[in-house]
Amino acid sequence: MKTILASASLCFGILFMCVSFSTTGSSQIQVVGQTGPVVAKEGDDIILPCSLVPKGSVEDTIVEWTRSDLNTNKKVHLYKDGKDTVGDQIPGYMTRTSLFKEEMKTGNISLKLSGVKLSDTGNYTCRLPKENSQGTETTIRLIVDATTFLNIFRNDLIWNVTKVMPIVNGLLETGLIQKKVKSMISTAGTHQDQMRQLFQALDEGDVEMKSAFYSLLCKHEPDLTGKLVESLE
Ligand SMILES: *[C@@H]1O[C@H](CO)[C@@H](O)[C@H](O)[C@H]1NC(C)=O
Ligand SMILES: *[C@@H]1O[C@H](CO)[C@@H](O)[C@H](O)[C@H]1NC(C)=O
Ligand SMILES: *[C@@H]1O[C@H](CO)[C@@H](O)[C@H](O)[C@H]1NC(C)=O
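A quick note: this is a predicted structure, and the numbers were derived from the prediction, not measured.

A. Region of the structure containing helix H7 (residues 191–204). The end-to-end C-alpha distance of H7, which contains 14 residues, comes to 20 Å, matching closely the 20 Å that a straight helix rising 1.5 Å per residue would cover. Of the positions making up H7, those classed as buried are Gln194, Met195, Leu198, Phe199, Ala201 and Leu202. When H7 is viewed along its axis, its buried side chains cluster within an angular range of 160 degrees and face the same direction. Residues of H7 that are exposed and point over 90 degrees away from its buried face: Gln200 and Glu204. Contacts made by the buried residues of H7 are with helix H3 (147–152), helix H4 (154–160), helix H5 (164–173), helix H6 (179–187) and helix H8 (207–220).

Here it is, written out as structure tokens:
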């Protein structure tokens, strides 16, 4: 009985090994980042972590950083043929990104981003596009604190934002605002009153909520946001 059990488990063991080898294929490289978001303030220099497991040199391969939340084929950073390539870069990231060349020898493909801007808030994917298997990309979220922006432009925003409900719905979808708060805002008489109520919720909210509000503002009120940002520069 014992031998039967032992050989049965041996069989399953071998079968399991075969299955896991065939699903991971020849490439067993994994790309790992960080589960929680990276939180930064405007103007900070930050590092978005990403590295290979097991450690290995990536000097001969392509390393790509993209914004998975933006609708663009352009890159945040592209390393190819042993050097950084700017032709395909999103203009707003030019001269602000770099990789740690020494550390790349040990598979560290973390991205340095200098002079963080509010518009950098988003999801960053680190990828080895030539490794055609699962696990060779990872996404890290960057949250840039919008508290200062909201304080400076509180009145402008209260007076001039008209797409209040689309913004509130966006916050509701991501679970950042409660349904009852949304109902309260939607029954307010004017856009201004709606914005005042929304600001009350924002004042009590965390960094994530404020940053999400800023992203939604860019989406629904691009002209207004552009004007406000420009007035700061
Ligand atoms: C970014 O990723 C987070 C979770 O990883 C997700 O909740 C959020 O919707 C993403 N943002 C965008 C704009 O895709
Ligand atoms: C990658 O390099 C950066 C910059 O030197 C460092 O801060 C980070 O800890 C490194 N990551 C790993 C996993 O070694
Ligand atoms: C917002 O509206 C106020 C009052 O109508 C106006 O004076 C101000 O210039 C507007 N601000 C922007 C950035 O459009």
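B. Examining the packing of aromatic side chains more closely. Using the criterion set out here, one finds four aromatic pairs in the structure. Relative to Tyr214, the ring of Phe149 lies with its centre 5.0 Å away and its plane at 85 degrees, an arrangement referred to as edge-to-face. Of this pair, Phe149 sits in helix H3 while Tyr214 is found in helix H8, placing the two residues 65 residues apart along the sequence. The same class applies to Phe149 and to Tyr214, which are both buried. Through successive ring pairs, a cluster of aromatic residues spans Phe149, Phe153 and Tyr214.

C. Just the site of ligand 2, in detail. By nearness alone, every residue bordering ligand 2 is listed as Ile47, Ser51, Phe100, Glu103, Asn108 and Ser110. With respect to ligand 2, the side chain of Glu103 contributes an N or O atom lying 2.5 Å from an oxygen atom. A distance of 2.4 Å separates an oxygen atom of ligand 2 from a polar side-chain atom of Asn108. For ligand 2, the protein covers 49% of the area, taking 360 Å² as the surface of the free molecule. When its residues are assigned to classes, the shell around ligand 2 shows two nonpolar, three polar and one charged.

D. Representation of the state of the cysteines. All told, the structure shown has one disulfide when counted by the stated rule. Across the disulfide from Cys50 sits Cys126; the S-S distance is 2.0 Å. With the S-S dihedral at roughly -75 degrees, the linkage between Cys50 and Cys126 falls on the left-handed side. Pair noted here: Cys50 is in the loop between strand S3 (46–48) and strand S4 (51–53) and Cys126 is in strand S10 (residues 122–127), with a separation of 76 residues, a long-range link. Exposure remark for Cys50: the relative accessible area of 2% places this residue in the buried category.

E. Inspection of the site of ligand 3 at higher detail. Around ligand 3, the structure places Asp156, Asn160, Leu224, Lys227 and Leu228. Contact between ligand 3 and Asp156: a nitrogen atom at 3.4 Å from a side-chain N or O atom of the residue. Between an oxygen atom of ligand 3 and a side-chain N or O atom of Asn160, the distance comes to 2.3 Å. Burial of ligand 3 by the protein amounts to 46% of the accessible area it has alone, namely 360 Å². Counting only elements with at least two residues in the shell around ligand 3, the list comes to H4 and helix H9 (222–232). Here the shell around ligand 3 is built from residues that sort into two nonpolar, one polar and two charged.

F. Spotlight on the packing of H5 against H7. Taken N-terminus to C-terminus, the directions of H5 and H7 make an angle of 25 degrees; their axes are 10 Å apart at the nearest point. Taken as axis vectors, H5 and H7 run roughly parallel relative to one another. Relative to H7, the crossing made by H5 is left-handed. Residues Val164, Met165, Ile167, Val168 and Leu171 of H5 form the contact with H7, whose participating residues are His191, Gln194, Met195 and Leu198. Considering only residue class, the contact of H5 with H7 consists of seven nonpolar, two polar and no charged.

Criteria and cut-off values
Residues numbered from 1 in each chain as written. Chains lettered and ligands numbered in written order. Predicted model: local features only at pLDDT ≥ 70, side-chain atom pairs only at ≥ 80, totals over all residues. Heavy atoms only, no water. Helix = DSSP H or I, 4+ residues; strand = E, 2+ residues; numbered from the N terminus. Expected span 1.5 Å × (residues − 1). Buried < 20%, exposed > 50% of the residue type's maximum accessible area, 1.4 Å probe, protein only. Arc of directions from axis to C-beta. Contact = heavy atoms within 4.5 Å. Phe/Tyr/Trp six-rings, centres within 6.5 Å; stacked < 30°, edge-to-face > 60°. Near = heavy atom within 4 Å. Polar contact = N/O pair within 3.5 Å; in protein donor to acceptor, adjacent residues only side chain to side chain. Areas by Shrake-Rupley, 256 points an atom, 1.4 Å probe, with all protein chains shown as cover. Nonpolar A, V, L, I, M, F, W, Y, C, P; charged D, E, K, R; others polar. Disulfide = S-S within 2.5 Å. Axes fitted to C-alpha atoms, helices over the stretch in contact; angles between N-to-C directions. Parallel < 35°, antiparallel > 145°, perpendicular 65-115°, else oblique. Left-handed = near helix turned anticlockwise from the far one by under 90°.

Purely spatial values, then, with no claim about function.
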